[in-house]
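# Reading the structure
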Amino acid sequence: VVPGVAGGEGCSTAGGCATCPFMKMNDLDAVHDLVDMIQSMRGADDGNDGNDGDTNNYRNKVELQLRKHLPPNRLKGKSINGRDAIELGSEPIVFMRHFMKNKVMSDDLVQRIERMGQL
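Just so you know, these numbers come straight off a predicted model, no measurement behind them.

Parameters at a glance
- Residues numbered from 1 in each chain as written.
- Predicted model: local features only at pLDDT ≥ 70, side-chain atom pairs only at ≥ 80, totals over all residues.
- Heavy atoms only, no water.
- Core = buried A, V, L, I, M, F, W, Y, C linked by side-chain atoms within 4.5 Å.
- Buried < 20%, exposed > 50% of the residue type's maximum accessible area, 1.4 Å probe, protein only.
- Helix = DSSP H or I, 4+ residues; strand = E, 2+ residues; numbered from the N terminus.
- Expected span 1.5 Å × (residues − 1).
- Bend = angle between axes of the 7 residues up to and from the residue.
- Contact = heavy atoms within 4.5 Å.
- pLDDT = per-residue confidence, 0-100.
- Salt bridge = Lys/Arg side-chain N within 4 Å of Asp/Glu carboxyl O.

## Some remarks on the nonpolar core
- Listed in full, the five residues of the largest apolar core are Leu34, Met37, Met41, Val62 and Leu66.
- Among the secondary structure elements, those contributing two or more residues to this core are α1 (28–46) and α2 (55–67).
- Tallying contributions element by element places α1 first for this core, with three residues.

In structure tokens form, the structure reads like this:
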């Protein structure tokens, strides 16, 4: 048993984790890019952005770039069996992180699997 979503729930052999919107910051270069963008926004607020143009226009462009790094909001406010859909979508990632860090599945995941086997 490998923690993850069932087929048709977002993961595929065509992309898998590399294309997952929840994994966009799973790269040091991406994290560095985000930090640079945030710092450049603060510089624009202080007038130190190195941009002689309209500071508000520059800030809006950076904010638009930052929004691209957010998870999709098409699931916002939706639930599946009474649970928040975004929370459910991130669960497999949390379980996989635990497995990779500890080399063992989390107790919560094991208990869920055992309960499903009893149904």
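## Some remarks on helix α3 (residues 85–102)
- Given a rise of 1.5 Å per residue, 18 residues ought to cover 26 Å, and the 26 Å separating the end C-alpha atoms of α3 matches this to within 8%.
- The largest bend along α3 measures about 30° and falls at Glu91, with the proline Pro92 one to four residues further on.
- Those residues of α3 that sit buried are Ala85, Glu91, Pro92, Ile93 and Phe95.
- If you follow the buried residues of α3, they end up packed against β1 (79–80), β2 (83–84) and α4 (107–118).

## Overview of unusual backbone geometry
- Positive phi values are uncommon outside glycine, yet Asn81 reaches one of about 50°.
- When you line up the elements, Asn81 lands in the loop between β1 and β2.
- One non-glycine residue, Lys103, adopts positive backbone phi at about 60°.
- Residue placement: Lys103 occurs in the loop between α3 and α4.
- Note on Lys103: relative accessible area 68%, which makes it exposed.

## Quick notes on the confidence of the model for the protein chain
- Predicted confidence across the protein chain gives a mean pLDDT of 75, with 66% of residues reaching 70 or more.
- Considering each helix and strand of the protein chain separately, the mean pLDDT is smallest for α1, with a value of 78, and largest for α4, with 91.

## With respect to the pattern of salt bridges
- Inspection of the entire model under this criterion finds six salt bridges.
- Among the ionic pairs, Glu63 bridges to Arg67, the shortest N-O distance being 3.8 Å. Of the two residues, Glu63 and Arg67 both sit in helix α2, four residues apart, roughly one turn of that helix.
- The partner of Glu91 in a salt bridge is Arg83, with the nearest N and O atoms 2.7 Å apart.
- Exposure remark for Glu91: the relative accessible area of 15% places this residue in the buried category.
- Residues joined by salt bridges that share partners form a network here, namely Arg83, Glu87, Glu91, Asp108 and Arg112.

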